[in-house]
Amino acid sequence: MNKNMATSLVRQTKLLSIVSSQLNSAACFRNIHCSAACLKNRAARIRVGKGDKSVTYEQAYHPHHIGHRKGWLSQHTSNLQGEDGAAERVVEDVFIRRFMYGTFHGCLADEVVIKRRGNLLVICAVMIQKLLPSKFYFLIGYTEELLSHFYKCPVKIEMQTVEEKVVYKYL
Amino acid sequence: MAACVSSIRSVRVLSKIIHGHFLPAAAVQHQASSSRWLHGTRGSALSPAVSLTEEPDTLYQELSVRVKGHDRAVLDSYEFFATLAARELGLTLDRAFEPRKHTEKLTLLKSVHIFKKHRVQYESRTHQRCIQMSRVTGSTARVYLEYIQRNLPEGVAMEVTKTSVEKIPEHIQKPLWTDCTLE
């Protein structure tokens, strides 16, 4: 019984080796490839490299981890079913992120989180301790004043400072 | 005065429990501000904040609060908070259930120009919760809804449906055929 099974297995492996050698021989040029170059997703992903690139928690996890290992960066109700105003919120968010990146240049440790509670717009940011606290306070007041005049709604900034950028892993 | 004291106590109990559960910072701030207001009225105990009017209060047969959000955990904690508030204020809670989640799926082209065979799929999930209360008075409903709405987390939308009990108008209280006599 065992001998029969062994011989059949050996015959099958011999067949496979014959088939693969025929495929890879000079006569036929067809090779099997399992994923086309277009099938790879590149959105919001940092490619694995030599191990010298530091990456934060937000950057390390891919978009399909949102809701499971990541939270949402922008929290508002316009993407729910039966609610509208999504496009306006997106435009506002993009402007606010660029504004924060430019005003606190080089100080942002991670992505800015934008929350909307009723009329109130809350911008939560984590900063590196690059500037003096008095300068930070001035920039916070300036941002709040300017954005509240621009968007006609109360704007609050909740800021947290960190000594260095928090590294999650190296890619 | 006793009602004021009991409401302060219930608010303090709520604030103790809310600190333990994950609710946004603004909720805690709102909580603190409302308790400060209550302390203010307690100081001037002679002038109560309750106003008396001649007209009767509207009665609601059913008060339905439906909340929608993207995160199920946030809705879980909000449901706990709302049901606790209703129980502390003495409202009759009918049921707090979860309607089925709605998923909106989009299949779009992955590439900007060609490659029709390669697409990307996105989906957006909306979870819901519904809390139904029966036999609520208008002023109670107003207070409860204001409290609930001030502590609504970001990214959560609320829909309130009230079914009020109205008196039958006078002109249709009696049927027409009793007045006119057929010959």
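Report on the accompanying structure. The shown structure was predicted, so the numbers you read here are calculated from the model rather than taken from an experiment.

This part takes up the interface of chain A and chain B. Facing 16 residues of chain A, the contacting portion of chain B comprises 19 residues. Summed over both sides, the interface of chain A with chain B buries roughly 1,500 Å², with 55% coming from carbon and sulfur. Summed over the shared surface of chain A and chain B, the number is two salt bridges. Between B:E154 and A:R117 there is a salt bridge, and its shortest N-O distance comes to 2.5 Å. In this assembly, chain A and chain B are joined by five residue pairs in polar contact (both at pLDDT 80 or more). Taken together, the residues that form the side of chain A that touches chain B break down as four nonpolar, six polar and six charged.

Here we take up the nonpolar core. Core analysis: the biggest nonpolar cluster contains 23 residues, and B:M133 and B:Y144 have the highest contact counts within it. By residue number, the principal contributor to this core is helix α3 (residues 72-89) of chain B, which donates seven residues. Other than its neighbours up to four places away in sequence, B:M133 contacts B:Q61, B:E62, B:L63, B:V65, B:A86, B:L91, B:T92, B:L93, B:D94 and B:Y144. Within the second largest apolar cluster, 20 residues are counted, among which are A:I96, A:V112, A:C153 and A:I157.

What follows concerns the side chain of A:S78. All names here are of chain A. Tracing the backbone shows S78 in the loop between β2 (74-75) and α3 (86-103). On the basis of relative accessible area, S78 is assigned to the buried category, the value being 5%. Ignoring anything within four residues of it in the chain, the contact list for S78 reads E83, D84, G85, A86 and R89.

Turning our eyes to something else, we now look at the packing of α3(B) against helix α4 (residues 138-150) of chain B. Residue and element names in this part refer to chain B. Packing of α3 against α4 leaves a shortest axis separation of 11 Å and a crossing angle of 155°. Here α4 runs roughly antiparallel to α3, going by the angle between their axes. Remark: the crossing between α3 and α4 carries right-handed chirality. Facing Y78, F81, A82, A85, A86 and L89 of α3, the residues of α4 in contact are Y144, Y147, I148 and Q149. Here the residues of the contact of α3 with α4 are counted per class, giving nine nonpolar, one polar and no charged.

Bringing the sheet that holds strand β4 (residues 120-128) of chain A into the picture now. All names here are of chain A. Judged by pairing direction, the sheet is mixed, and its four strands sit side by side in the order β2-β3-β4-β5 without closing on themselves. In this open sheet, the two edge strands, each paired with only one partner strand, are β2 and β5 (155-162). Here α3 sits on the sheet and contacts β2, β3 (113-117), β4 and β5; the angle it forms with β3, its principal contact strand, is near 135°. Packing of helix α4 (residues 133-151) onto the sheet brings it into contact with β4 and β5, and relative to β5 it is tilted by some 150°.

Reading the values: the criteria
- Residues numbered from 1 in each chain as written.
- Chains lettered and ligands numbered in written order.
- Predicted model: local features only at pLDDT ≥ 70, side-chain atom pairs only at ≥ 80, totals over all residues.
- Heavy atoms only, no water.
- Contact = heavy atoms within 4.5 Å.
- Buried area = accessible area lost by both parts, 1.4 Å probe.
- Salt bridge = Lys/Arg side-chain N within 4 Å of Asp/Glu carboxyl O.
- Polar contact = N/O pair within 3.5 Å; in protein donor to acceptor, adjacent residues only side chain to side chain.
- Nonpolar A, V, L, I, M, F, W, Y, C, P; charged D, E, K, R; others polar.
- Core = buried A, V, L, I, M, F, W, Y, C linked by side-chain atoms within 4.5 Å.
- Buried < 20%, exposed > 50% of the residue type's maximum accessible area, 1.4 Å probe, protein only.
- Helix = DSSP H or I, 4+ residues; strand = E, 2+ residues; numbered from the N terminus.
- Axes fitted to C-alpha atoms, helices over the stretch in contact; angles between N-to-C directions.
- Parallel < 35°, antiparallel > 145°, perpendicular 65-115°, else oblique.
- Left-handed = near helix turned anticlockwise from the far one by under 90°.
- Pairing = 2+ DSSP bridges.

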